[in-house]
Amino acid sequence: MRNILLVAQREMLVKMRNKAYILGTLAIVLGVILLSFLGSRGDAGSVNDAMIPEFAKQQMLLQAQAEREVFAEHGLDAEQVHLQIQARFAELMDEYIAENPGSGAIDTRYWVGFVVGVLLFMAITITGTMIAQGVAEEKSSRIVEILLSSMTSFQLMVGKILGMAVVGLTQIIIILVAGYLAARGFGLMGNIFADINLGSAIWLAIGFFLVGYLSYAALYAAFASTVSRAEEVNVAIAPVMYILMVPYFATLVPIFEGIPLLRFALDYLPLFSPIGASVNYFRGGLETWQAILSLAISILALPLIMLVAARIYRRSVLSTGARLKILSVLRQK
């Protein structure tokens, strides 16, 4: 355990003193503050109008002209008809919300889930990439040979993962606090969490992040150990990125929500569920017990993922020369 803590401490000190890490964190914080400021000063109507393509604008104008001409032919006032339609629509919406409590927060919960998915993806990707780069740099400089003379490869891998977990969490917490304070300061928060049980939501989000981070961090370290040069890291970790991209893009594209088999995989399949299930829970698609079940499945699968990653790392970390193939490494005895 002492060796693991020493490696973790070394990773934390090296990364947190890195100028790129410090400047990158500051840049993101400033960007969040700037976006909050612009959001508080922006005109929603102007923003929405600017996002409509010119062809669509022309189509809407022609549609309105056609409606006026048809209404005029039948002796009707187009503006009065539209006002009556809007009033009736508002009545129907009020009736629907009264019959379906909580439905008025659907849009809010959708965007909260979207933000949660993006943050989880960023946290796992950034920290995982730093781990992979660190593994490759240690191999190319032969430092890993010195480290392994005083500890096992498993201790080295776990120490790097734990150290980078603190580094990544520190960065994410700083960004979240800055975003919260900026949004609160510029009056953007409103009542956004009114229909979300923050107690269970926060603990589930932390649980999903930790199990997702540990799973992917181990794979990042393992796949990065198969190359001898830092320039080859991106190619080596590409399969891990492809797996991570599946739940990320599925949460961004609403059409995937309607595919039952994919939805089930995103909610309950390890490696997919840390992002897929957490986003679906925040959007109201999963009950609390279903989210807990999904988290439990990922936790049970974590030792197996760590075991496979540790085996790849142990058999590859001292190799030199061309990049090793994962299947070939796993078949070694």
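A quick note: this is a predicted structure, and the numbers were derived from the prediction, not measured.

## A look at helix α13 (residues 273-282)
Within α13, ten of the ten residues are buried, leaving the element largely enclosed by the surrounding structure. All of the buried residues in α13 are Ser273, Pro274, Ile275, Gly276, Ala277, Ser278, Val279, Asn280, Tyr281 and Phe282. Just downstream of α13, Gly284 is the residue with a positive phi angle, here 90 degrees.

## Details of the pattern of salt bridges
Scanning all chains against the criterion turns up six salt bridges. The salt bridge partner of Glu91 is Arg88, with a shortest N-O separation of 3.0 Å. Highlighted residues: Glu91 and Arg88, both in helix α5 (residues 78-99), separated by three residues, approximately one helical turn. When its relative accessible area of 44% is taken as the criterion, Glu91 is described as partly exposed. For Arg88, a relative accessible area of 41% gives the class partly exposed. Of the charged contacts, one joins Arg263 and Asp267 as a salt bridge, the two residues approaching to 2.9 Å between their closest N and O atoms. With Arg263 and Asp267 both in helix α12 (residues 260-268) and four residues apart, the pair spans about one turn of that helix. By relative accessible area, Asp267 is classed as buried at 4%.

## With respect to the environment of Leu34
By the secondary structure assignment, Leu34 is in helix α2 (residues 19-41). A residue is classified by how much of its surface remains accessible, and Leu34, at 49% relative accessible area, is partly exposed. C-alpha of Leu34 to C-alpha of Gly179: the two residues are 145 residues apart in sequence and 10.0 Å apart in space.

## Some remarks on the nonpolar core
Nonpolar side chains in soluble globular proteins tend to be buried together. Ile131, Leu156, Ile161, Tyr213 and Tyr220 are the most contacted members of the largest nonpolar core, which has 69 residues in total. Broken down by element, the residue count for this core peaks at 15 residues, all from helix α9 (residues 198-224). Among all residues touching Ile161, those that are not within four sequence positions of it are Ile131, Tyr213, Leu214, Ala217, Ala218 and Met306.

## Considering a nonpolar patch on the surface
Nonpolar side chains collect at one region of the surface, where Leu304, Leu307, Val308, Leu327 and Leu330 lie side by side and expose about 440 Å² of accessible area between them. Of all elements in the fold, only α14 (288-316) and α15 (326-331) reach the threshold of two or more residues within the nonpolar patch. Considering every element that reaches the nonpolar patch, the biggest residue donor is α14, with three residues. Along the chain, Leu330 turns up in helix α15.

Reading the values: the criteria
Residues numbered from 1 in each chain as written. Predicted model: local features only at pLDDT ≥ 70, side-chain atom pairs only at ≥ 80, totals over all residues. Heavy atoms only, no water. Buried < 20%, exposed > 50% of the residue type's maximum accessible area, 1.4 Å probe, protein only. Helix = DSSP H or I, 4+ residues; strand = E, 2+ residues; numbered from the N terminus. Salt bridge = Lys/Arg side-chain N within 4 Å of Asp/Glu carboxyl O. Core = buried A, V, L, I, M, F, W, Y, C linked by side-chain atoms within 4.5 Å. Contact = heavy atoms within 4.5 Å. Patch = residues over 30% accessible without salt bridge, like charges linked within 9 Å, V, L, I, M, F, W, Y side chains within 5 Å. Areas by Shrake-Rupley, 256 points an atom, 1.4 Å probe, with all protein chains shown as cover.

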